[in-house]
Amino acid sequence: MSKLRLTLACWDYDRTRALADGRVQAEGIDLNFLPLHVEETFFRMLRNREFDVAEMSLSSYCVSLMRDDPAFVAIPVFPSRFFRHACIFVSATSGITRPQDLVGKRFGVPEYQMTAPVWIRGILSDEYGVDPTSVKYFTGGEEEPGRDEKLKLNLPPAFSVTPIGPDQTLAQMLAEGEIDALHTARTPSTFYSRPDQVKRLFPNFVEAEKDYFRRTGIFPIMHVVAIRRPVYEANRWIAQSLFKAFSAAQRITYDNLAVTSAMTSMLPWQVAAVEEARAELGDDWWPYGFAKNRAVLDTFLRYHHEQGLSSRRLQPEELFAPETFEAFKI
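Read on for an overview of the structure. Just so it is clear, the model here is predicted, and its values are computed rather than measured.

### Re the overall build of the protein chain
Looking only at helices and strands, the protein chain has 11 helices and 11 strands in total. Radius of gyration (C-alpha) of the protein chain: 20 Å, near the 20 Å computed for a compact globule of 330 residues. For the protein chain, the C-alpha atoms occupy an extent of roughly 65 × 50 × 35 Å along the three principal directions. Restricting the contact set of the protein chain to residue pairs at least 6 apart, pairs at least 24 apart contribute 78%. When the accessible surface of the protein chain is totalled, it reaches about 15400 Å², and 52% of it is carbon and sulfur.

### Digging into the pairing of strand S6 (residues 106-109)
Both S6 and strand S7 (residues 136-139) contribute to a ladder of 4 bridges, which runs parallel. Looking at S7, one finds that Arg-106 is bridged to Lys-136. Bridge analysis of S6 against strand S9 (residues 181-183) gives 2 bridges, and the strand direction is parallel. The residue of S9 that forms the bridge with Phe-107 is Ala-181.

### Here we look at the sheet that holds S9
Reading across from one edge, S8-S7-S6-S9-S5-S10 is the order of the 6 strands in this open sheet, with mixed pairing throughout. Of all strands in the sheet, those bounded by a partner on one side alone are strand S8 (160-163) and strand S10 (198-200). Within the sheet, the average angular offset between the axes of one strand and its neighbour, ignoring direction, is 30°.

### Let's talk about the side chain of Thr-115
Take Thr-115: it is sitting in helix H4 (residues 115-128). Separated by 2.8 Å, the side chains of Thr-115 and Ser-57 make a polar contact. In this view, Thr-115 contacts Ser-57, Leu-58, Ser-59, Ile-221, Met-222 and Phe-300; residues no more than four positions away in its chain are not counted.

### Observations regarding the pattern of salt bridges
Scanning the model with the defined rule gives 28 salt bridges in all. Residue Asp-126 pairs with Arg-302 through a salt bridge whose shortest N-O separation is 2.7 Å. Placement of Asp-126 in helix H4 and of Arg-302 in helix H11 (residues 294-306) is noted, with a sequence separation of 176 residues between them. A residue is classified by how much of its surface remains accessible, and Asp-126, at 39% relative accessible area, is partly exposed. The partly exposed category is assigned to Arg-302, whose relative accessible area is 23%. In this structure, the salt-bridge partner of Glu-323 is Arg-236, at a minimum N-O distance of 2.7 Å. With a gap of 87 residues between them, Glu-323 in the segment after H11 and Arg-236 in the loop between helix H8 (229-234) and helix H9 (238-257) connect regions that are remote in the sequence. Taken together, the shared-partner salt bridges connect Glu-40, Arg-44 and Glu-50 into one network.

### A short note on the side chain of Thr-184
Along the chain, the position of Thr-184 falls in the loop between S9 and helix H6 (189-193). Here the side chain of Thr-184 touches Arg-186 through a polar contact of 3.3 Å, landing on its backbone nitrogen.

### Re the packing of aromatic side chains
In the structure shown here, the tally under the stated rule is 15 aromatic pairs. Against the face of Tyr-112 rests Arg-121, its NZ or CZ located 3.9 Å from the ring centre. The ring of Tyr-137 has Arg-121 lying over it, and the distance from NZ or CZ to the ring centre is 5.5 Å.

### Here's the deal with the nonpolar core
Membership of the largest hydrophobic core comes to 94 residues, with the highest contact counts inside it found for Tyr-61, Ile-75, Ile-227 and Leu-319. Considering each element in turn, this core owes the most residues, 9 residues, to H9. Here Ile-75 is in contact with Val-224, Val-225, Ile-227, Ala-239, Leu-242, Phe-243, Phe-246, Phe-320 and Thr-324, once residues within four sequence places are set aside. Formed by 11 residues, the second largest nonpolar core is a distinct cluster that contains Phe-138, Leu-174, Leu-182 and Val-198.

### Quick look at the sheet that holds strand S2 (residues 29-34)
Taken in spatial order, the 5 strands make up an open sheet running S2-S1-S3-S11-S4, and their pairing is mixed. Two strands close off the open sheet at either side, each with one partner strand: S2 and strand S4 (72-75). Recorded for the sheet is a direction-independent mean angle of 35° between the axes of neighbouring strands. Where strand S1 (residues 4-9) meets S2, 6 bridges bridge the pair, whose relative direction is parallel. Pairing of Arg-5 across the sheet is with Asp-30, part of S2. Helix-sheet contacts for helix H2 (residues 38-48) involve S1, strand S3 (53-57), S4 and strand S11 (223-228), and the interaxial angle to S3 is about 110°.

### Observations concerning H4
Every α-helix winds through 3.6 residues per turn, so residues three or four apart in the chain are directed the same way. Taking 1.5 Å per residue as the helical rise, H4 with its 14 residues ought to reach 20 Å, and the 19 Å between its terminal C-alpha atoms agrees with that figure. The element H4 is largely enclosed, with a buried count of 10 among its 14 residues. Among all positions in H4, only Thr-115, Ala-116, Pro-117, Val-118, Trp-119, Ile-120, Arg-121, Gly-122, Ile-123 and Leu-124 are buried.

What counts, and at which threshold
- Residues numbered from 1 in each chain as written.
- Predicted model: local features only at pLDDT ≥ 70, side-chain atom pairs only at ≥ 80, totals over all residues.
- Heavy atoms only, no water.
- Helix = DSSP H or I, 4+ residues; strand = E, 2+ residues; numbered from the N terminus.
- Rg over C-alpha atoms; globule rule 2.2 N^0.38 Å.
- Contact = heavy atoms within 4.5 Å.
- Areas by Shrake-Rupley, 256 points an atom, 1.4 Å probe, with all protein chains shown as cover.
- Pairing = 2+ DSSP bridges.
- Axes fitted to C-alpha atoms, helices over the stretch in contact; angles between N-to-C directions.
- Polar contact = N/O pair within 3.5 Å; in protein donor to acceptor, adjacent residues only side chain to side chain.
- Salt bridge = Lys/Arg side-chain N within 4 Å of Asp/Glu carboxyl O.
- Buried < 20%, exposed > 50% of the residue type's maximum accessible area, 1.4 Å probe, protein only.
- Phe/Tyr/Trp six-rings, centres within 6.5 Å; stacked < 30°, edge-to-face > 60°.
- Lys NZ or Arg CZ within 6 Å of the ring centre and 35° of its normal.
- Core = buried A, V, L, I, M, F, W, Y, C linked by side-chain atoms within 4.5 Å.
- Expected span 1.5 Å × (residues − 1).

In structure tokens, the structure reads:
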């Protein structure tokens, strides 16, 4: 019997590798796996809808749901999660030594609607009283000039968002003190090349992130897996089929990380890292599925609305194909 051929664009994660190499087969689907960097995947899917299925920024997906004819529908698979205290950088000339000092400052951000800065702004607001409207945002390329927002935004006037110049980069501006802070998903090159000028706001970010999880139970979700809506509507069964396949591929990674006779990564203390993750976050420390992630998603959707990115507060149930909420039982 012939299978439905779909193209999936997703980064080469350990948790998706079994899909890429064929060890896991999605039922009824012949999957053409393209291992693209996330920036390329997001740009091509959001601008041109080039793939049938793609990894997608959670924030961009939520912005797309505000359109009259939403282009995508997601499944509750989260290929990227990331604690983001490590991703707040400050200029040594800014005088910023604690989160509260960020009020009134100039923030660089590659795109205002990026998921990582949404989480960062929300955490700074909830934890340290830094209102998202109390600062000025400057958007543009972190390492290369000319980056634009992938999606057109219609922000309330309370938010000040200004593109940087056509020849400027945020990494260089931070090192020169032209912006005071940078919220980003990638560590800026000047953090390594100019360490006297660019610092982390949280030098002890691991402890800060552990403390955050212990108090909130939140391991921030960065990306979802999105299906082009016409593909989904014509074959609604693929939502559950893809969800099962992603889950099976992740299970292989969990099992491999548990092996102690030989390490599956080049991390010298992988065994200790796995044991620490289990102790802090539980055995299923990277959960897929809706129910286990509803509270995390609800917090993100609150941030998204508070920051002017969604005209109304979305509910977590609105994000995903309903076929993925339940599974049969015997």
